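Here is how the chains run, residue by residue.
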Amino acid sequence: TTGKIQVDVPAALIANPGTSNVQVANPDFHLSNAVPFTITYPPLVINSFTAIPSPITAGDSSTLSWDVPLATSVFIDNGVGDVTSFTSKSVFPTLSTTYKLTAYGLGGTGCQSVTVAVVPHTTIDTFAANPSTITVGGSSTLSWTTSGAVSATLNDGTGPASVSPNSSQSVSPTTTTIYTLTATNSVGGSVTQAVKVVVALPPTIDHFKATPVNIAIGGSSTLDWATSNALTVTLDTGSVPAPVGLT
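S.K.: Summarise the sheet that holds strand 7 (residues 81–82); cite the residues concerned and give the values.
M.R.: In space, the four strands of this open sheet follow the order 7-6-9-10, with antiparallel pairing throughout. Of all the strands in the sheet, just strand 7 and strand 10 (108–116) have a single pairing partner and so form its edges. With nine bridges connecting them, strand 9 (residues 97–105) and strand 10 associate as antiparallel partners. Bridge assignment links Leu101 to a residue of strand 10, and that residue is Gln112.

Below, the structure is given as structure tokens:
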């Protein structure tokens, strides 16, 4: 005779796939001959293992994500550890790091790796104006050096202009101006620094007079003056020629 029967397979056999035997008892409890059967499982497949974003700036985060539907346990090296209960994990490497995912399941073992590339922080090492104070019509030289930057802009308040990450530029503002340098790395991380060029108005002598203008020998006269935008004043007391006809 032929027919079909349903067999409840013990958990111990499910956990250890392979070839086993089964015997069937008839109503009189007579056992049939042993019949071999095989328990197999589909192979474990890592559908995906990604790091987003990459590259990153040192210290920023990247998210590792994976899809291993038949895994019973999952581990990631480089300090991540057991991630069986997760499908993603954030990491914060300071150097370029390759993460290896190892998955275990009834259908076997699988490994896959992904690298998070890390670029250094951008720094503005120097940024100076020389001289930092000028008069109208004068000029100052802005000089700067950066590290880790692939591009830079200089803004005088009217909008950014592209400049080399390491360079200098002569400026001639007519009013006191703040210049802002922005340096940017390959993943968009940026830093800024500012310098001020002070434009001093030219000095003027508003008035200079002597009272009285004419004095006798031994007499005195008062000199009176007023200036604007002057830091120092020098008075020349040297002799002058007498007017024609004056003795």
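S.K.: Account for a nonpolar patch on the surface, with residues named and values stated.
M.R.: Residues Ile205, Phe208, Leu223, Trp225, Val233 and Leu235 make up a contiguous nonpolar surface patch of roughly 610 Å² in combined accessible area. If you list the elements that add at least two residues to the nonpolar patch, you get strand 20 (204–211) and strand 21 (222–228). As for its position among the elements, Leu235 is in the segment after strand 21. Of the residues examined, Leu235 reaches a relative accessible area of 40% and is grouped as partly exposed.

S.K.: Kindly report on the nonpolar core, identifying the contributing residues and their values.
M.R.: The biggest cluster of nonpolar side chains holds 20 residues, and the ones touching the most others in it are Phe49, Leu64, Trp66, Ile76, Tyr99 and Leu101. Those elements that place two or more of their residues in this core are strand 3 (48–52), strand 5 (62–67), strand 6 (73–76), strand 9 and strand 10. The element best represented in this core is strand 9, accounting for three residues. With residues near it in sequence (within four places) discarded, Trp66 still touches Ser48, Phe49, Val74, Ile76, Val83, Phe86, Thr87, Ser88, Lys89 and Leu101. Grouped together as the second largest cluster of nonpolar side chains are 17 residues, Leu142, Ala152, Val195 and Val197 included.

Calculation criteria
Residues numbered from 1 in each chain as written. Predicted model: local features only at pLDDT ≥ 70, side-chain atom pairs only at ≥ 80, totals over all residues. Heavy atoms only, no water. Pairing = 2+ DSSP bridges. Helix = DSSP H or I, 4+ residues; strand = E, 2+ residues; numbered from the N terminus. Patch = residues over 30% accessible without salt bridge, like charges linked within 9 Å, V, L, I, M, F, W, Y side chains within 5 Å. Areas by Shrake-Rupley, 256 points an atom, 1.4 Å probe, with all protein chains shown as cover. Salt bridge = Lys/Arg side-chain N within 4 Å of Asp/Glu carboxyl O. Buried < 20%, exposed > 50% of the residue type's maximum accessible area, 1.4 Å probe, protein only. Core = buried A, V, L, I, M, F, W, Y, C linked by side-chain atoms within 4.5 Å. Contact = heavy atoms within 4.5 Å.

Purely geometric stuff here, so don't read any function into it on its own.
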